[in-house]
Amino acid sequence: MSLAMLAVRHGCELHGDPDTIVDHVATLAGAGPGALAFLANPRYRTQLAATRASCVVLDAESAAACPVACLVSGNPYLSYAGIAAELHPPPPLRPGVAAQACVADSAVLGAGTQVDAGAVVGEDARIGARVLIGANAVVGAGCLVGDDSRIMPGAILYDRVRIGRRSTIHANAVIGADGFGNARGPGGVWTKVPQVGSVAIGDDVEIGALTSVDRGAIDDTTIGNGVRLDNQIQIGHNVVIGEHTAMAAQAGVSGSTRIGARCIIGGRTAFAGHLSIADDVVITGGANVTHSIDKPGLYSGAIPADEARSWRKNAVRFGQLDAAIRRLQALEAAQRGQDES
Amino acid sequence: MSLAMLAVRHGCELHGDPDTIVDHVATLAGAGPGALAFLANPRYRTQLAATRASCVVLDAESAAACPVACLVSGNPYLSYAGIAAELHPPPPLRPGVAAQACVADSAVLGAGTQVDAGAVVGEDARIGARVLIGANAVVGAGCLVGDDSRIMPGAILYDRVRIGRRSTIHANAVIGADGFGNARGPGGVWTKVPQVGSVAIGDDVEIGALTSVDRGAIDDTTIGNGVRLDNQIQIGHNVVIGEHTAMAAQAGVSGSTRIGARCIIGGRTAFAGHLSIADDVVITGGANVTHSIDKPGLYSGAIPADEARSWRKNAVRFGQLDAAIRRLQALEAAQRGQDES
Amino acid sequence: MSLAMLAVRHGCELHGDPDTIVDHVATLAGAGPGALAFLANPRYRTQLAATRASCVVLDAESAAACPVACLVSGNPYLSYAGIAAELHPPPPLRPGVAAQACVADSAVLGAGTQVDAGAVVGEDARIGARVLIGANAVVGAGCLVGDDSRIMPGAILYDRVRIGRRSTIHANAVIGADGFGNARGPGGVWTKVPQVGSVAIGDDVEIGALTSVDRGAIDDTTIGNGVRLDNQIQIGHNVVIGEHTAMAAQAGVSGSTRIGARCIIGGRTAFAGHLSIADDVVITGGANVTHSIDKPGLYSGAIPADEARSWRKNAVRFGQLDAAIRRLQALEAAQRGQDES
C-alpha cells in the first residue's frame, strides 16, 4: 500500500515519497524495506535514528529526527493501529459448519458464519451473520451472539449469555458460570444460592483468554460497549462495567461492584464487592480498592494519586524509622537527665 | 407456588396472604408481581419500602417495615437459597450419550447420566447415576465421578481423579494437572519430579470456572466435603482443604499447605507452602498468609484481626511519618542548643 | 528395580542390601515395603526414624540416621526425580488419530504421534514424532510442535505458535492469544492494535494449566529452553524469558519485560512492563516488581533481600509508630515547658 494512500485514509501528514510501498509492520529496531514502524513510547526514541523501516508513524515532535519517510499523526499509536489493521487483516471467514461441529437443530446461524470443528451450539441459540465460532468453543442454549463477533477456540458461554456485535471472546474464557453465592447454615454447611441472572456483553468488546465473567445472581452482570478486558480477569456476579473501560490482566472485581465508563484499571487490581467507581477513574496496577471512588482522577487503590505521592514521601521516611525511634529514645533519655538534674 | 407452602417447607413465619403465588425471584428494586425478593444485607434495607415484590424473605427485625407479604426467617439468605432452588430448578437431564461424544468402551456410565457433544470419557472411568458431563469436557482414564455430580463444559479431569456425589466442576476448570515439582541440577537445569498422586474431591463440593487443583506429588491433593472454591483459584499439590471451607476468587494455596474445616478465605488470599491453618479461621481478602495459624478467629493474613486493628492505628500514624521525623530533628536541634548553652 | 541398579544409574552411594527391590515411590510417613522415599526438606527429617520405606534417597548428613537402606546423593531431590521417573513412566503413546479428532489435510504428523478424540489440528500445522495431542486440544493453523512434546487436553495454540521438543503444555493453557494492545482515541474509544507476532517456546519447557502466553504485537513472545511456568501465569506480549527460569503459580509478566536465564520467581509475583531482569535473579513470592534489576541475587520485589531485611527491621518499628509519635508529642510538650520556663 502506498504511503500516499495511507496518509489520506488515516489522516496523517506525509513526509517522504508518496509512492513508497509498505506491506507489513515491524519494530523500529527490526524493520527492513517495505516495513512500517511506529514511535509512540518515548522509551524507544533512541531507536529512531538507526531504523531501516520504509516509513515510521510518529508525532510532529519526532518527525525532524526521522531518517526515513514518516506519517505524522497527533496520535501515532492510534494511527498505527488503523494502518496495521489494513496491512494485516484477519484471515477471511470460511462460512459454513464443520462436519465435526454440533449445532442444535433449533439454533439459528446468520449468513456467512463459520462454525469450526468441535464447536457446540446449544438449543435455541441465535448466532448473527459473519460470526466465528472457533474450534471446541461452546455456545450454550438460548445464547445470542451478534453479527461479526468471534468466539475463539475453547471459550465457553453458559446458557442465555448475550454478546453484542463485533465483540471477541478469547480462548478458554468462561462467560456466565454461576456467581459465588452460598448461604451458610448450621455447622457451617453451605447451601448454593441459585444464580438465575445471566451476562450481557455489549458491542465492540474484547475479553481476554482465560477471563471469567460470572452470571448475575438475579439481574444480569453487564459489560458495556467498547470495554477491553485482558486475560485472566475475574468479574463477579452482578458487576456492571461502563462503556470503554479497559482493565489489564489478572484484575478481579468482586460481586455487585459498579465501575464507570472510560476507566483504565491497571493489572492485578482487586476491587472489593458492592463498590461504586466513578467514570474516568484511572487506577494504577496491583492496587486493592476497598472503598468507592466518586470523582474522576488518578488513584493508587482508592487513594488519589496526589495523596499517594505524599504516601511515598512517608514511605521514604519508613526506611528511617528504626533509626528515628532510636533517636527518640536518646532524646527521651536526655530529657530524663535534665528533669533529674 | 403459594406463600403458605413456602412457609411450611422452609420453616418461615408468614406475614400476609397465604394464597399469594410467587413464581420467580427478583431483587427488591427490580421485583414486580409474582416475584419473591429477599433482604439479608443491611446495605439494601433502604430498598424495602418501595419494593413491588409479592413477598420478601427477611428477618424479624425488618418485618415490620415490609410493605408487602413476607416470610420471616432467622437466616433469610439461607431460606431464600432454598426457595430460589425450588422456583428455579436446573434444567432436567436428558439421559444418554450425544452422537458426537466419545466414551471409551471400558468406561461405565450410571443410569440417567447425560454426556454432551464433544465430551470425552477415558478408559475405565466410572461415572455414577444422573451425572452431567458437559460439552467438550474431558474425563481422564480411571476417573471416578459420583452420582448427581456435574462436570461443566470444557472442564478437564486428568487421569485417576476422584469426584464425590452432588459436586459441580465449572467450565474450563482443570483437576489433576501435574503439581509444580522440579529438581534443580547443575547449570540451573530443571528435572521434572513425577507427580504420581492424584486428586480426591468430596461430596457436595463446588469448584469454580478456571480453577486448577493439582494432583499430589505422591499422596493425593484432597478437597473435603462441602467445600466451595470460587473461580480462578490455584490449589497446589498435596494441599488438604477441610470440610465446608469456602474460598473466594483468585486465591492461591501453595503446595503441601493444610487448611482446616469451616474456614472462610477472602478473595485473592495467597498461602505460602507447608503451612497448617486451623479449623474455623476467617481470613480477609488479599492477604499473604506466610505463617501457620493454630487458633480459630478472624485474621488479616496470618495476623489476628485485633492486632490488625492496632496495625491500622499505626498505619494512620504512617501518614504523619515525614512530619514526625522533621519534628524529631527540630527537637534534636533544640536539645543540642541546650547542651551547648 | 534393585537398589544396586538404581545406585549405578543415578550415581548414588548405596547403604544396604543391593538386591532389595523397590517398585514405587511414597512419602517417608506413608511408605511401606517396596517403596522408595526421599528426604530433601529438613522439615521432614523427623519422619525418617519411623519410615517403613524399603529405601530412602537422602544426603550424606542424614544417612547415619536412616533406619532402612538408603541411596546417598549430593542432591537427593534431583536423584529422586530421576528414580521416580524410572519407576513411574508416563503411559506409552497409542500412535494414531482418534476417529473423533479433526486433522486438516494439509497438516503433517510425525511417526508415533497420538491425536486424541476431539483434538483439532489446523491447516499446515507440522507436528513432530511421538507427540501427544490430548483430547479437545486445538493446534492452530501453521503451528509447529517439536518431537516428543505433549499438548494436554483442552490446551489452545493460536495460529503460527511454535513449540520445541520435549515440551509440555498443560490443560486449558492458551498460547498465542492476542496481546493487550489498544490505542485510545477521542471519547476514550479503543481501537485494537493488531497483534501480528507469535509465540516461540523452546525445548524442554513445561507450561502449567490455565497459563496464558500472549502472542507478540510485532515480534514474537519468547520462552527459552528449559523454562518452567506453573499454573495460572499470565505472560504479556513481547515478553522474553531466558533459559531455565522457573516461575510459580499466578505470577504475571506485563508486556515487553525481559527476564533473564536461571531466574527463580516466587508465586503471585507481578512484573510491570518494559523491565529488564538480569540472569540468576531470585524473587520471593507475592512481590510487585516495578523496576529493572541488573544484578543477580535475592530480591523482595525489586529490592535486594538484604535491604528487605533492613526493611523488616523498620517494619517492626512500624508496630511501635503510634506509641512513638505520642512519645514525640510528650517530648515536644516538655521542650515547650522548658522554653517557657
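Here the structure is a predicted model, which is why all the values come from computation and not from measurement. (Residues numbered from 1 in each chain as written. Chains lettered and ligands numbered in written order. Predicted model: local features only at pLDDT ≥ 70, side-chain atom pairs only at ≥ 80, totals over all residues. Heavy atoms only, no water.)

Caption draft 1: Representation of the overall build of chain A within the structure. In terms of regular secondary structure, chain A is built from five helices and 38 strands. For 341 residues, the compact-globule estimate of 2.2 N^0.38 gives 20 Å, and the C-alpha radius of gyration of chain A, at 27 Å, exceeds that figure by more than 25%. If you line up chain A on its principal axes, its C-alpha atoms span 100 × 70 × 30 Å. The proportion of buried residues among the 341 residues of chain A is 57%. (Helix = DSSP H or I, 4+ residues; strand = E, 2+ residues; numbered from the N terminus. Rg over C-alpha atoms; globule rule 2.2 N^0.38 Å. Buried < 20%, exposed > 50% of the residue type's maximum accessible area, 1.4 Å probe, protein only.)

Caption draft 2: Representation of the interface of chain B and chain A in the model. Each partner contributes residues to the interface: chain B has 60 residues there, and chain A has 62 residues. Taken together, both faces of the contact between chain B and chain A bury some 4800 Å²; the carbon and sulfur share is 59%. Inspection of the region where chain B meets chain A yields one salt bridge. One salt bridge connects K192 of chain A with E206 of chain B, and the closest N-O pair in it is separated by 2.7 Å. Along the contact surface separating chain B from chain A lie 22 residue pairs in polar contact (both at pLDDT 80 or more). For the side of chain B that touches chain A, the secondary-structure elements that each account for two or more residues are α3 (76-87), β26 (228-229), β29 (246-247) and α5 (321-340) of chain B. The element contributing the most residues to the side of chain B that touches chain A is α5 of chain B, with eleven residues. Grouping the constituent residues of the side of chain B that touches chain A by class yields 28 nonpolar, 20 polar and twelve charged. (Contact = heavy atoms within 4.5 Å. Buried area = accessible area lost by both parts, 1.4 Å probe. Salt bridge = Lys/Arg side-chain N within 4 Å of Asp/Glu carboxyl O. Polar contact = N/O pair within 3.5 Å; in protein donor to acceptor, adjacent residues only side chain to side chain. Nonpolar A, V, L, I, M, F, W, Y, C, P; charged D, E, K, R; others polar.)

Caption draft 3: Region of the structure containing the interface of chain A and chain C. Taken residue by residue, the interface counts 60 residues in chain A and 62 residues in chain C. Of the roughly 4800 Å² buried between chain A and chain C on both sides combined, carbon and sulfur atoms contribute 59%. Counting across the interface, chain A meets chain C through one salt bridge. For the interface between chain A and chain C, the tally reads 22 residue pairs in polar contact (both at pLDDT 80 or more).

Caption draft 4: Layout of the packing of aromatic side chains. Considering all chains together, one arrives at six aromatic pairs over all chains under this definition. Centroid distance F38 of chain B to Y80 of chain B: 4.1 Å. Interplanar angle 25 degrees. Geometry classified as stacked. You can see F38 of chain B sitting in strand β3 (residues 35-38) and its partner Y80 of chain B sitting in helix α3, a full 42 residues away along the chain. Members of the aromatic cluster, joined through ring pairs, are F38, Y77 and Y80 of chain A. (Phe/Tyr/Trp six-rings, centres within 6.5 Å; stacked < 30°, edge-to-face > 60°.)

Caption draft 5: How the structure looks around the packing of helix α1 (residues 3-10) of chain B against α3 of chain B. Residues and elements named next belong to chain B. At their nearest, the axes of α1 and α3 sit 10 Å apart, and the two run at 125 degrees to each other. By the angle between their axes, α1 is oblique relative to α3. For the element pair α1 and α3, the recorded crossing hand is right-handed. Counting all contacts with α1, which are made through L6, R9 and H10, the residues of α3 involved are S79, G82, I83 and E86. Considering only residue class, the contact of α1 with α3 consists of two nonpolar, three polar and two charged. (Axes fitted to C-alpha atoms, helices over the stretch in contact; angles between N-to-C directions. Parallel < 35°, antiparallel > 145°, perpendicular 65-115°, else oblique. Left-handed = near helix turned anticlockwise from the far one by under 90°.)

Caption draft 6: Looking closely at the relation of the copies chain A and chain C. Superposing chain A onto chain C takes a rotation of 120 degrees combined with a translation of 0.0 Å along the rotation axis, leaving an RMSD of 0.0 Å. The transformation relating the two chain copies, once decomposed into turn and shift, fits a three-fold axis. (Least-squares fit on C-alpha atoms with pLDDT ≥ 70 in both.)

Caption draft 7: Representation of the sheet that holds strand β36 (residues 288-289) of chain A within the structure. All names here are of chain A. Ordered in space as β7-β10-β13-β16-β19-β24-β27-β30-β33-β36, the ten strands form an open sheet in which the pairing is parallel. In this open sheet, the two edge strands, each paired with only one partner strand, are β7 (102-103) and β36. With two bridges connecting them, strand β33 (residues 270-271) and β36 associate as parallel partners. If you follow A270 over to β36, its bridge partner there is N288. (Pairing = 2+ DSSP bridges.)

Caption draft 8: Here's a closer look at the pattern of salt bridges. All chains considered together, the criterion is met by 27 salt bridges over all chains. With a closest N to O distance of 2.7 Å, D148 of chain B and R130 of chain B form a salt bridge. Here D148 of chain B, found in the loop between β14 (144-145) and β15 (150-151), pairs with R130 of chain B, found in the loop between β11 (126-127) and β12 (132-133); they are 18 residues apart in sequence, far enough to count as distant. Classification of D148 of chain B by relative accessible area gives partly exposed; the value is 31%. Residues joined by salt bridges that share partners form a network here, namely D178 and K192 of chain A together with E206 of chain B.

Caption draft 9: Just the confidence of the model for chain A, in detail. For chain A, per-residue confidence averages 94 on the pLDDT scale, and 95% of positions sit at 70 or higher. For this predicted complex, the interface confidence score (ipTM) comes to 0.93, while the overall pTM stands at 0.94. (pLDDT = per-residue confidence, 0-100.)

Caption draft 10: Summary view of unusual backbone geometry. Residues and elements named next belong to chain A. At D204, a residue that is not glycine, the phi angle is positive and equals roughly 60 degrees. Tracing the chain through its elements places D204 in the loop between β22 (199-201) and β23 (206-207). Notably, R268 is not glycine yet its phi reads approximately 70 degrees, a positive angle. Along the polypeptide, R268 turns up in the loop between β32 (264-265) and β33.

Caption draft 11: Highlighting the pairing of strand β5 (residues 69-72) of chain C. Residues and elements named next belong to chain C. Residues A69 and L71 point to one face of β5 and C70 and V72 to the other, with burial holding for every one of them. Direction of pairing for strand β1 (residues 13-15) relative to β5: antiparallel, over a ladder of three bridges. Paired with H15 across the bridge in β5 is C70. Direction of pairing for strand β4 (residues 55-58) relative to β5: parallel, over a ladder of four bridges. Bridge pairing in β5 links V57 to L71.

Caption draft 12: How the structure looks around the sheet that holds β14 of chain B. Residues and elements named next belong to chain B. Ordered in space as β8-β11-β14-β17-β22-β25-β28-β31-β34, the nine strands form an open sheet in which the pairing is parallel. Each having just a single partner strand, β8 (108-109) and β34 (276-277) make up the two edges of the open sheet. Looking at chain direction, strand β17 (residues 162-163) and strand β22 (residues 199-201) are connected through two bridges and run parallel. In the strand pairing of β22, I163 is matched with I201.

Caption draft 13: How the structure looks around the side chain of S73 of chain A. Residues and elements named next belong to chain A. Among the structural elements, S73 can be located in the loop between β5 (69-72) and α3 (76-87). By relative accessible area, S73 is classed as buried at 8%. A distance of 2.9 Å separates a polar atom in the side chain of S73 from the backbone nitrogen of N75. Within the local environment of S73, its side chain forms a polar contact with the side chain of S79, the two groups lying 2.6 Å apart.

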